[in-house]
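The primary structure of each chain is shown beneath.
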Amino acid sequence: MVERVVKILIKNNIIHQQDSELYQYGLTLLIKKIFHIVTILLLGTICKKFICTAVFLVAYAGIRKYAGGYHAKSSKGCYACTGIVTSFSILLFYILEYVELFVIYIILGICAGAISTFSPQETSNRPLSREELTIYKKKTIKTLIIEGIICLLSLFFKEIINGIICAWVIETIMLLIGKGSCLLYTSPSPRDQSLSRM
């Protein structure tokens, strides 16, 4: 299917022949990302947690884009990781319904501290310069502040708070797992910026 789309684009002179592999790779990643998002939203809808799930996706994408964290090395591993993260998220949504608001804010504070400390985190596909590390750190903290303010302004909309706290908890876990993986190597591990981050 992807090859057919690329051939049509080449035939209509929209892209060049020499760029076909690049566009094929990009379209494949885009399709995978869309599949992941649709799957997660569908599961959230089935479990009657659509709003929490939608907020989680937005908050998680905003943090993970710059903070990084554990990243599966294969498509199958990525799908498995997505399934585990989604299942854990939905379970966490139900648990958070019985957690007092002040406890939730304490958890948010702990996660914010952990994410700020361990980010940005690299993986094995692309090294980051010192300048990039500084920029990503600042953008991660900026995103945390924005999402934290949203939580403070959403006192009467617990679904929004639950979606954000779930994103922070999972990102914290991903960073800790990623840090543990990096310790297995003697050289610094670079970070992947591809679309498939789940």
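Refer to the structure presented above.
Remember, predicted model here, so these are calculated numbers, not experimental data.

Side note on the overall build of the protein chain
A count of helices and strands for the protein chain gives seven helices and zero strands. Its helices and strands in sequence order give the protein chain the pattern α-α-α-α-α-α-α, from N to C terminus. Taking all 198 residues of the protein chain together, the buried fraction comes to 40%. Here the analysis covers contacts within the protein chain between residues at least 6 apart in sequence; of these, 79% occur between residues at least 24 apart.

Focus on a nonpolar patch on the surface
Taken together, the side chains of Tyr70, Phe88, Leu91, Ile95, Ile173 and Ile177 define a hydrophobic patch exposed on the protein surface, amounting to about 490 Å² of accessible area. Listing elements by their share of the nonpolar patch, those giving two or more residues are α4 (75–96) and α7 (158–182). Among the elements that make up the nonpolar patch, the one with the highest residue count is α4 (three residues). Turning to its location among the elements, Ile95 is positioned in helix α4.

Here we look at the environment of Leu108
Relative to the helices and strands, Leu108 is located in helix α5 (residues 101–118). Each C-alpha atom, one on Leu108 and one on Cys166, is 9.2 Å from the other, the two residues being 58 residues apart in sequence. Once you skip the residues sitting within four places of it in the chain, Leu108 turns out to touch Cys151, Ile165 and Trp168.

Some remarks on empty space enclosed by the protein
By rolling a water-sized probe across the atoms, one finds the places where empty space is left. Inspection of the entire model under this criterion finds one cavity of 30 Å³ or more. Computed from the structure, the largest cavity encloses a volume of approximately 40 Å³. If you trace the largest cavity, you find it lined by Ile40, Thr53, Phe56, Thr86, Ser89, Ile90 and Phe93. Only α3 (50–67) and α4 provide two or more residues apiece to the lining of the largest cavity. Per-element accounting of the lining of the largest cavity gives the leading share, four residues, to α4. Split into classes, the residues belonging to the lining of the largest cavity amount to four nonpolar, three polar and no charged.

Things to note about the nonpolar core
Membership of the largest hydrophobic core comes to 33 residues, with the highest contact counts inside it found for Phe56, Ile104, Ile115, Trp168 and Ile170. When contributions to this core are tallied by element, the ones reaching two or more residues are α3, α4, α5, α6 (130–152) and α7. Residue contributions to this core peak at ten residues, all from α7. If sequence neighbours within four positions are ignored, Trp168 has contacts with Ile63, Leu108, Cys111, Ala112, Ile115, Leu144, Glu147 and Gly148.

A few points about α5
Taking 1.5 Å of rise per residue, 18 residues should cover 26 Å, and α5 covers 26 Å from first to last C-alpha, within 8% of that figure. Listing the buried residues of α5 in full gives Ile104, Leu108, Cys111, Ala112, Ala114 and Ile115.

Here we look at the packing of aromatic side chains
Throughout the structure, instances matching the rule amount to two aromatic pairs. Taking 5.4 Å as the distance between ring centres and 15° as the angle between the ring planes, the aromatic pair formed by Phe56 and Tyr60 counts as stacked. In this pair, Phe56 and Tyr60 both sit in helix α3, four residues apart, roughly one turn of the helix. With a relative accessible area of 2%, Tyr60 lands in the buried category. The positively charged end of Lys49 is found above the aromatic ring belonging to Tyr94, 4.8 Å away from the centroid.

Here we look at the pattern of salt bridges
Within this structure, the stated rule accounts for two salt bridges. Close ionic contact of Glu97 with Lys49 constitutes a salt bridge, the shortest N to O distance being 1.9 Å. Residue Glu97 is found in the loop between α4 and α5, and its partner Lys49 is found in the loop between α2 (20–46) and α3; the two are separated by 48 residues along the sequence. Given the relative accessible area of 37%, Glu97 is considered partly exposed. What makes Lys49 buried here is its relative accessible area of 9%.

Cut-offs applied
Residues numbered from 1 in each chain as written. Predicted model: local features only at pLDDT ≥ 70, side-chain atom pairs only at ≥ 80, totals over all residues. Heavy atoms only, no water. Helix = DSSP H or I, 4+ residues; strand = E, 2+ residues; numbered from the N terminus. Buried < 20%, exposed > 50% of the residue type's maximum accessible area, 1.4 Å probe, protein only. Contact = heavy atoms within 4.5 Å. Patch = residues over 30% accessible without salt bridge, like charges linked within 9 Å, V, L, I, M, F, W, Y side chains within 5 Å. Areas by Shrake-Rupley, 256 points an atom, 1.4 Å probe, with all protein chains shown as cover. Salt bridge = Lys/Arg side-chain N within 4 Å of Asp/Glu carboxyl O. 1 Å grid on protein atoms, 1.4 Å probe; cavity = no way out; pocket = protein on both sides within 12 Å on 5 of 7 lines; lining within 4 Å. Points joined across faces, edges and corners; volume = space filled by probe spheres on them. Nonpolar A, V, L, I, M, F, W, Y, C, P; charged D, E, K, R; others polar. Core = buried A, V, L, I, M, F, W, Y, C linked by side-chain atoms within 4.5 Å. Expected span 1.5 Å × (residues − 1). Phe/Tyr/Trp six-rings, centres within 6.5 Å; stacked < 30°, edge-to-face > 60°. Lys NZ or Arg CZ within 6 Å of the ring centre and 35° of its normal.

Everything listed here is a matter of coordinates, which is why it stays silent on function.
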